[in-house]
Amino acid sequence: MLGPVILAASRSDRMRRLVSAAPVTKPVVDRFIPGETVDQIVPIVRELTDQGLELTMDVVGEDITTPAQAEAARDAYLELIDRLKSLELGTRAEMSVKLSMFGQALPSPTTALNGGASGPEAAFHGGHELALGNVRPVVEAAAEIGTTVTLDAEDHTTLDSMFAIHEELRKDFPQTGCVIQAYLFRTEADARRLADSGSRVRLVKGAYKEPAEVAYQQRHEIDKAYVRILRTLMEGEGYPMIGSHDPRLISIGQELARTAGRKLDEYEFQMLYGIRGDEHLRLAAEGHRMRVYTAYGTDWYGYFMRRLAEKPANLRFFARSMVSK
Ligand code: FDA
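Residues numbered from 1 in each chain as written. Predicted model: local features only at pLDDT ≥ 70, side-chain atom pairs only at ≥ 80, totals over all residues.

Under an unreviewed UniProt entry, the name given to the chain is proline dehydrogenase, and the organism recorded is Streptomyces lienomycini. Heading Pathway (unreviewed entry) of the UniProt record for the chain holds this comment: "Amino-acid degradation; L-proline degradation into L-glutamate; L-glutamate from L-proline: step 1/2." Quoted verbatim from the Cofactor (unreviewed entry) field of UniProt, the annotation for the chain is "FAD". (UniProt positions renumbered as here; feature names shortened; annotations may be inferred.)

Written as structure tokens, this is what we have:
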């Protein structure tokens, strides 16, 4: 019951100011977001890769309000990629990006001037072209150091634009990945379309507050959809990335991979930094590719609140630390 309330709070500016300013917040945030700067995150990258883990790096931030912030987001990724270059990790450290942070929801300059979008981008938010223009240099820079970028999935209203940007980027960078969310009704069809040769698709349950018109609301329905979609990905020709901490789905994933005749390097598991760390190491020790989604940066509020919403015990821990101060 608490999850939807926390997810609603994740979009509230007032809550953002309250939570971000509370001195007790920081230690709880650190569990999920282990750094604010590139200098702090590079040693973590080294530590995790030394343990046999792979990474996908997220510079936290979303829902920006100006084109300058979108450019700053682009530059933050470019700085990170530049720093990763000397580590020569190749695809062992890839990038995850949220297009809202690259300007996807902003009015584009032409929309603002003309009072409305026209042309091919009219079907999308005005910032579609802006986001594409900002994310492309990041994908290019990643390719130059031998790695890839995956486009995260945000709320359902953004997905047509995200998939169109994904398709556009794949023309030059076919290895660009994307995320699909099992809770959405549309996702089974998206998975069939995306399970083509060379595609990289991360399947997750879904972390946003979505209405009953577009998404399953019950956990058991979401889990059943997850299995159906994962089967489609495993039987397809692409590279499935199993984004979940759910022990049942992890063992079903292993079984589906075996049945589809996939070798250990023909799919991977992905989990979030700070969640079930022992399981990361166990899967890696078994010979699986295990990628840890590692977020860093200062604008951590939205990411942090979604982690609280996923597990009420996190919120109780957080609330206890607030009252005990
Ligand atoms: P579930 O929520 O059932 O959790 C299973 C178990 O894992 C729990 O019982 C608990 O032990 C542990 N656990 C899960 N979440 C926890 C938490 N926050 N704190 C502590 N323990 C926790 N979503 C999205 O909409 N768009 C995206 O792009 C992504 N990207 C993404 C990347 C990766 C690598 C992962 C793992 C997840 C995402 N997600 C996401 C988030 C995803 O949609 C989902 O909200 C979380 O993964 C939680 O769902 P689980 O599959 O882990 O199952």
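More follows now that the structure is in view.
Engineer: Got a sec to walk through the overall build of the chain? Specific residues and values, please.
Structural biologist: Across its full length, the chain holds 14 helices and eight strands. In terms of overall size, the chain behaves like a compact globule, its C-alpha atoms giving a radius of gyration of 19 Å where 325 residues would be expected to give roughly 20 Å. Judged by the C-alpha coordinates and their principal axes, the chain covers about 55 × 55 × 45 Å. Every one of the 325 residues in the chain was classed for burial, and the buried ones make up 45%. (Helix = DSSP H or I, 4+ residues; strand = E, 2+ residues; numbered from the N terminus. Rg over C-alpha atoms; globule rule 2.2 N^0.38 Å. Buried ≥ 20, exposed ≤ 12 C-beta atoms within 10 Å, placed from the backbone.)

Engineer: Quick one: what's the story with the nonpolar core, residue by residue and with numbers?
Structural biologist: Val97 and Leu203 are the most contacted members of the largest nonpolar core, which has 92 residues in total. Element by element, the count of residues in this core is highest for helix H7 (residues 128-144), at eight residues. Those residues within four positions of Val97 in sequence are excluded, and the remaining contacts are Tyr77, Phe102, Val135, Val138, Val149, Leu151 and Asp152. (Core = buried A, V, L, I, M, F, W, Y, C linked by C-beta atoms within 7 Å. Contact = placed C-beta atoms within 7 Å.)

Engineer: Outline the packing of helix H10 (residues 219-235) against helix H11 (residues 247-259), supporting the account with residue identities and numerical values.
Structural biologist: Relative orientation of the contacting elements H10 and H11 amounts to 25 degrees, with a least axis distance of 10 Å. For the element pair H10 / H11, the angle class is roughly parallel. As H10 packs across H11, the resulting crossing turns out to be right-handed. Residue-level inspection shows Asp223, Tyr226, Val227, Leu230, Arg231 and Met234 of H10 in contact with H11, the latter providing Leu249, Ile252, Gly253, Leu256 and Ala257. Tallied by class, the residues present in the contact of H10 with H11 amount to eight nonpolar, one polar and two charged. (Axes fitted to C-alpha atoms, helices over the stretch in contact; angles between N-to-C directions. Parallel < 35°, antiparallel > 145°, perpendicular 65-115°, else oblique. Left-handed = near helix turned anticlockwise from the far one by under 90°. Nonpolar A, V, L, I, M, F, W, Y, C, P; charged D, E, K, R; others polar.)

Engineer: Quick rundown of the pairing of strand E5 (residues 200-204)? Include the residues and the values.
Structural biologist: Most of E5 sits out of view: five of its five residues are buried. Going residue by residue along E5, you find Arg200, Arg202 and Val204 tucked away on one face and Val201 and Leu203 tucked away on the opposite face as well. With helix H9 (residues 187-194) bridging strand E4 (residues 177-181) and the parallel E5, this β-α-β connection has right-handed handedness. Inspection of the sheet shows E5 paired to strand E6 (residues 239-243) by four bridges, in the parallel sense. Note on E6: the bridge partner recorded for Arg202 is Met241. (Right-handed = clockwise from strand over helix to strand, strands pointing away. Pairing = 2+ DSSP bridges.)

Engineer: So what's going on with the sheet that holds E5? Which residues, and what values?
Structural biologist: Ordered by their spatial adjacency, eight strands build a closed barrel running E1-E2-E3-E4-E5-E6-E7-E8, and the pairing between neighbours is parallel. Averaged over all pairs of adjacent strands, the angle between strand axes in this sheet comes to 30 degrees, irrespective of strand direction. Both strand E7 (residues 268-272) and strand E8 (residues 290-296) contribute to a ladder of four bridges, which runs parallel. In the strand pairing of E8, Phe269 is matched with Met290. The sheet contacts of helix H12 (residues 277-285) involve E7 and E8, and relative to E8 the element is tilted by about 145 degrees.

Engineer: Mind laying out H11, listing which residues take part and the relevant values?
Structural biologist: Its 13 residues give H11 an end-to-end C-alpha distance of 19 Å, which sits within 8% of 18 Å, the value for a rise of 1.5 Å per residue. What H11 keeps buried is the set Leu249, Gly253, Leu256 and Ala257. One side of H11 carries all its buried residues, which in axial view fall inside an arc of 100 degrees. Structural note: H11 exposes Pro247, Arg248, Ser251, Glu255, Arg258 and Thr259 on the side pointing more than 90 degrees away from its buried face. In the core, the buried residues of H11 are packed alongside H10 and E6. Of the residues flanking the end of H11, it is Gly261, one or two places downstream, whose phi is positive at about 75 degrees. (Expected span 1.5 Å × (residues − 1). Arc of directions from axis to C-beta.)

Engineer: Explain the packing of H7 against helix H8 (residues 159-172) residue by residue, including any values.
Structural biologist: Where H7 contacts H8, the two axes come as close as 11 Å, and the packing angle between them is 40 degrees. Viewed along their axes, H7 and H8 adopt a mutual orientation that is oblique. Read as a crossing pair, H7 and H8 show a hand that is right-handed. Along the contact surface, H7 presents His128, Ala131, Leu132, Val135, Arg136 and Val139, while H8 presents Ser161, Ile165, Glu168 and Leu169. In terms of residue class, the contact of H7 with H8 is built from six nonpolar, two polar and two charged.

Engineer: Before we move on, could you go through H7 and cite the residues and values that matter?
Structural biologist: With 17 residues, H7 should reach 24 Å at 1.5 Å per residue; the first-to-last C-alpha distance of 25 Å fits that figure. Of all the residues in H7, the buried ones are His128, Glu129, Leu130, Ala131, Leu132, Asn134, Val135, Val138, Val139, Ala141 and Ala142. Lining the buried residues of H7 we find helix H5 (67-85), strand E2 (93-97), strand E3 (149-151) and H8. At the C-terminal side of H7, Gly146 shows a positive phi close to 80 degrees.

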